[in-house]
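Report on the structure
In case you want the letters, here they are:
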Amino acid sequence: MSLKAKIDANPRLKKFIHWMLIPAGEARPRFWVKLLVNPFIHHKGKGAKVRRYTRMDVLPFNKFSLGSKSTIENFCTVNNGVGDVIIGDNTLVGMSGVIIGPINIGNNVIFAQNIVASGLNHEYRDVTIPILQQKIIVSPIIIEDDCWIAANAVITAGVTIGKHSVIAAAAVVTKNVPAYSVAAGNPARVIKKFDFDSNEWVSVK
């Protein structure tokens, strides 16, 4: 049995270790975790940058990876507490973005400002229990290579955005977006697709 499995099988031990890593009621790891653990566990590629004023709620029990020449700009929040956060090469996460795992972002992706992409949802269906006390549901977000996510877009749990697609500003993406598409609106729908026969972007009615 692995160490992780042993910890998961012992609720008291799991609670104690969780307290050692994160103060009660918070999402931020303790300072010693940031300083002495995370740098040796998580991957940061050559030339990758995390700006000074980014909030990195990154813990050792899930993966965090930032690819080569990728940048996470100031005032972002990155959280891998409930799932891995994987960011590919040459990808930009613009200012004030919120990235909550599980999420896999490909290579050459542009996240503009104020993007929220969260693989986490709160259960709410039991009206006898406060939503805060109900379980957390996770479903991975996948953003394939070469995409552009414009400012103020929201990407919800379980969504896949196909290669070289564009998500318009302020769109709320609740369903998968095929490769080589433009999606806009709330909820977002595909408004253009690239036609490889005519070699141009074509409106979808």
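Anyway, here's the lowdown on the structure attached to this text.

Basis of the calculations
Residues numbered from 1 in each chain as written. Predicted model: local features only at pLDDT ≥ 70, side-chain atom pairs only at ≥ 80, totals over all residues. Heavy atoms only, no water. Helix = DSSP H or I, 4+ residues; strand = E, 2+ residues; numbered from the N terminus. Rg over C-alpha atoms; globule rule 2.2 N^0.38 Å. Buried < 20%, exposed > 50% of the residue type's maximum accessible area, 1.4 Å probe, protein only. Areas by Shrake-Rupley, 256 points an atom, 1.4 Å probe, with all protein chains shown as cover. Lys, Arg positive; Asp, Glu negative; His and termini not counted. Charge placed at Lys NZ, Arg CZ, Asp CG, Glu CD. Core = buried A, V, L, I, M, F, W, Y, C linked by side-chain atoms within 4.5 Å. Contact = heavy atoms within 4.5 Å. Pairing = 2+ DSSP bridges.

A short note on the overall build of the protein
- Looking only at helices and strands, the protein has four helices and 23 strands in total.
- Taken against the 2.2 N^0.38 rule, which gives 17 Å for 205 residues, the C-alpha radius of gyration of the protein at 19 Å falls within 12% of a compact globule.
- The C-alpha extent of the protein, read off along each of the three principal axes, is 60 × 50 × 35 Å.
- A buried classification covers 38% of the 205 residues belonging to the protein.
- Accessible surface for the protein amounts to roughly 12100 Å². Of this, 58% is attributable to carbon and sulfur atoms.
- Positive and negative side-chain charges of the protein, numbering 24 and 14 respectively, have mean locations separated by a distance of 8 Å.

Description of unusual backbone geometry
- Geometrically, the link from glycine 101 to proline 102 is a cis peptide bond, its omega value of 5° lying close to zero.
- Checked against the element boundaries, proline 102 lands in the loop between strand S9 (98-100) and strand S10 (103-105).
- With a phi angle near 70°, phenylalanine 75 is a residue other than glycine that sits in the positive phi range.
- Positionally, phenylalanine 75 belongs in the loop between strand S5 (71-72) and strand S6 (77-79).
- Judged by its relative accessible area of 52%, phenylalanine 75 is exposed.
- A positive phi angle, close to 55°, is found at tyrosine 180, a residue other than glycine.
- By the element assignment, tyrosine 180 lies in the loop between strand S20 (172-173) and strand S21 (181-184).
- The partly exposed category is assigned to tyrosine 180, whose relative accessible area is 25%.

A look at the nonpolar core
- Ranked by internal contacts, the top residues of the largest apolar core, which has 33 residues, are Ile99, Phe111, Ile143, Ile149, Ile155, Ile161 and Ile167.
- Elements that contribute at least two residues to this core include exactly strand S4 (64-66), strand S7 (85-87), S10 and strand S15 (141-143).
- In this view, isoleucine 143 contacts Asn104, Ile105, Gly106, Val109, Phe111, Ile155 and Ile161; residues no more than four positions away in its chain are not counted.
- Counting five residues, the second-largest nonpolar core is a separate cluster that includes Leu21, Ile22, Val33 and Leu59.

Regarding the pairing of S21
- The alternating pattern of S21 places Ser181 and Ala183 and Val182 and Ala184 on opposite faces, both of which are buried.
- Here two bridges tie strand S19 (residues 166-167) to S21, and the two strands are oriented parallel to one another. Within the sheet, the bridge partner assigned to valine 166 lies in S21 and is valine 182.
- By the bridge criterion, four bridges tie S21 to strand S22 (residues 189-195) in an arrangement that is antiparallel. Bridging from a neighbouring strand, valine 182 pairs with lysine 192 of S22.
- The loop that links S21 with its antiparallel partner S22 comprises four residues; one of these, glycine 185, has a positive phi angle of about 100°.

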